Amino acid sequence: MITQLFVVAEAAAEETKHNPILPIWQEIVVGTVAFSVLCFVLMKFVFPQMEKTFQARVDAIEGGIKRAETAQAEANELLEQYRAQLAEARTEAARIRDEARADAEGIRQDVLAKAREESDRIIAAGNEQLSAQRESIVRDLRAEIGTLAVDLAGKIVGEALADEARTRGTVERFIADLDSAGTAGRR
Amino acid sequence: MIVQSTVLAAEFPPSVEDFYLPSILPWGAENNYWFTKITVLAWVAVALIIVFFLVTYRKPQLVPSKKQWFAESVYGFVRNNIAVEMIGPRGVNFAPYLTTLFCFVIFMNFFGIVPLIQISPNSHIAFPAILAVISYVMFIYVGIRQHGFVKYVKNSLIPPAPWFILPLLIPIEFFSNFLVRPFSLAVRLFANMFAGHMLLLVFTLGGFAMINANALLAPVSILSWILTIALTFLEFLVICLQAYVFTVLTASYVQGALADEH
């Protein structure tokens with residue numbers, strides 16, 4: 001500013017040809033036309049286009065954000081749903097496991113009871129059979145002993161007149177017969 | 001720099017006449033201003049800006065390419081950091097004009113430090129004056145359309161103050177709002193560019209003047225030229241700042257015109 005004033009003063013003293021503070025009308029015309037052209041082109045073709053692009057960009061970004069929010073909400077909902085389903089499945093599984101355990105216990109008890117019953121039954125049948133056999137053996141023996149006794153008595157009576165030694169021999173023979181018969185009968 | 005000084009064959013100290021270059025067409029004519037370096041540069045600025053934006057924004061993509069991003073960030077800078085910041089949501093309507101203004105001013109200013117060009121059309125007051133007049137007409141028009149003529153004049157002239165100060169304040173308000181604003185807008189830009197060019201001239205030509213006067217002064221000449229380079233960087237700062245200031249002030253005037261109260 002100071003330099004300019006100084007220059008102006010100096011110029012005014014030395015030169016009267018040009019005054020820098022007075023505009024040249026030709027330059028005003030040229031400047032006006034040039035600047036008008038510039039304004040026309042830029043304000044008509046360039047900057048409105050830029051505003052449009054800005055707007056489109058804002059829309060795109062906002063649309064994107066909205067889409068993302070929707071997707072996020074959807075995902076959250078799904079997640080909740082899955083969690084609920086998972087919890088349900090867990091309780092279901094626990095329930096089924098408990099049931100199975102109870103069933104298994106029941107089955108085990110049943111099987112045990114059945115086995116015990118079976119063994120009792122088998123033991124009872126065995127006992128019965130044993131006593132039946134014993135009865136029949138005793139009956140057989142009784143009949144055989146009668147026969148034997150009759151045989152012995154017959155032999156003793158038959159040989160009563162023989163000597164005593166013979167008698168003794170007969171008795172011994174009878175007992176030996178008895179023994180061998182008893183062994184054979186036992187076998 | 002050497003080329004420039006030999007082309008201009010300017011003597012030291014530089015004067016205002018160094019800003020008024022001979023005409024290009026017809027070649028060398030004095031005082032013929034239709035086709036000079038200044039007007040050519042103005043057209044070049046317009047052409048470069050148009051080409052830049054049309055090329056970078058020919059096929060806009062939602063996901064921008066590097067060039068498109070750059071063009072958008074220029075517009076976005078003025079739109080968000082100047083128009084919307086100063087004027088509010090309605091500033092979006094003014095963003096196209098403000099961006100055009102910003103680009104035009106910064107390009108025109110930038111010629112001031114481009115090697116071998118090194119003069120800005122804005123150092124001729126005609127160009128800043130046009131822009132200032134447009135801003136002036138624009139903010140008054142916007143104000144009248146917003147409030148109606150009477151209310152707008154009342155809004156802008158009568159500050160909320162005790163009645164007995166008003167006779168003093170109203171002329172001051174009128175002076176500052178309707179007389180000084182366009183003038184200060186134009187002169188601020190013009191003077192900065194003018195002074196910048198003059199500074200570069202002084203240091204460049206001063207170097208030549210000293211080395212011609214005495215060979216022993218050569219180191220000082222070199223220092224002077226180094227300073228020219230440093231000043232060029234300073235000029236770059238001034239260029240950006242002035243373009244920004246011009247745009248911000250225009251936006252602020254529009255905001256003032258749109259505002260409900262003083």
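Residues numbered from 1 in each chain as written. Chains lettered and ligands numbered in written order. Predicted model: local features only at pLDDT ≥ 70, side-chain atom pairs only at ≥ 80, totals over all residues.

Let's shift gears to the UniProt feature "transmembrane region" (unreviewed entry) in chain A. The UniProt feature table records "transmembrane region" (unreviewed entry) at residues 23-47 of chain A. Taken end to end, residues 23-47 of chain A is 92% helix and 0% strand, and its two terminal C-alpha atoms sit 31 Å from one another. (UniProt positions renumbered as here; feature names shortened; annotations may be inferred. Helix = DSSP H or I, 4+ residues; strand = E, 2+ residues; numbered from the N terminus.)

This part is about unusual backbone geometry. Residues and elements named next belong to chain B. Residue leucine 116 is not a glycine yet carries a positive backbone phi of 75 degrees. Within the fold, leucine 116 resides in the loop between helix H4 (91-110) and helix H5 (126-147). The class for leucine 116 is exposed, based on 8 C-beta atoms found within 10 Å. Although it is not a glycine, glutamine 118 sits at a positive phi angle of roughly 50 degrees. Position of glutamine 118 relative to the elements: it lies in the loop between H4 and H5. (Buried ≥ 20, exposed ≤ 12 C-beta atoms within 10 Å, placed from the backbone.)

UniProt annotation of "coiled-coil region" (unreviewed entry) refers to residues 61-99 of chain A when read in the numbering used here. Secondary structure content for residues 61-99 of chain A is 100% helix and 0% strand, and the end C-alpha separation is 56 Å.

Turning our eyes to something else, we now look at the UniProt feature "transmembrane region" (unreviewed entry) in chain B. Under the local residue numbering, the UniProt record ascribes the feature "transmembrane region" (unreviewed entry) to residues 34-57, 94-119, 125-144, 164-183, 189-211 and 223-245 of chain B. The distance from the first to the last C-alpha atom of residues 164-183 of chain B is 30 Å, and the span holds 90% helix and 0% strand.

Each partner contributes to the interface: chain B provides 38 residues, whereas chain A provides 35 residues. Among the elements that line the side of chain B that touches chain A, the one with the most residues is helix H2 (residues 37-56) of chain B, at nine residues. Taken together, the residues that form the side of chain B that touches chain A break down as 31 nonpolar, five polar and two charged. (Contact = placed C-beta atoms within 7 Å. Nonpolar A, V, L, I, M, F, W, Y, C, P; charged D, E, K, R; others polar.)

Attention now goes to the environment of phenylalanine 12 of chain B. Residues and elements named next belong to chain B. By the element assignment, phenylalanine 12 lies in the loop between helix H1 (2-8) and H2. Take phenylalanine 12: there are 17 C-beta atoms within 10 Å of it, and that puts it in the partly exposed class. Between the C-alpha atom of phenylalanine 12 and that of phenylalanine 208, which follows or precedes it by 196 residues, the distance is 8.6 Å. Each residue touching phenylalanine 12, except ones within four places of it in the same chain, is listed here: Leu205, Gly206 and Ala209.

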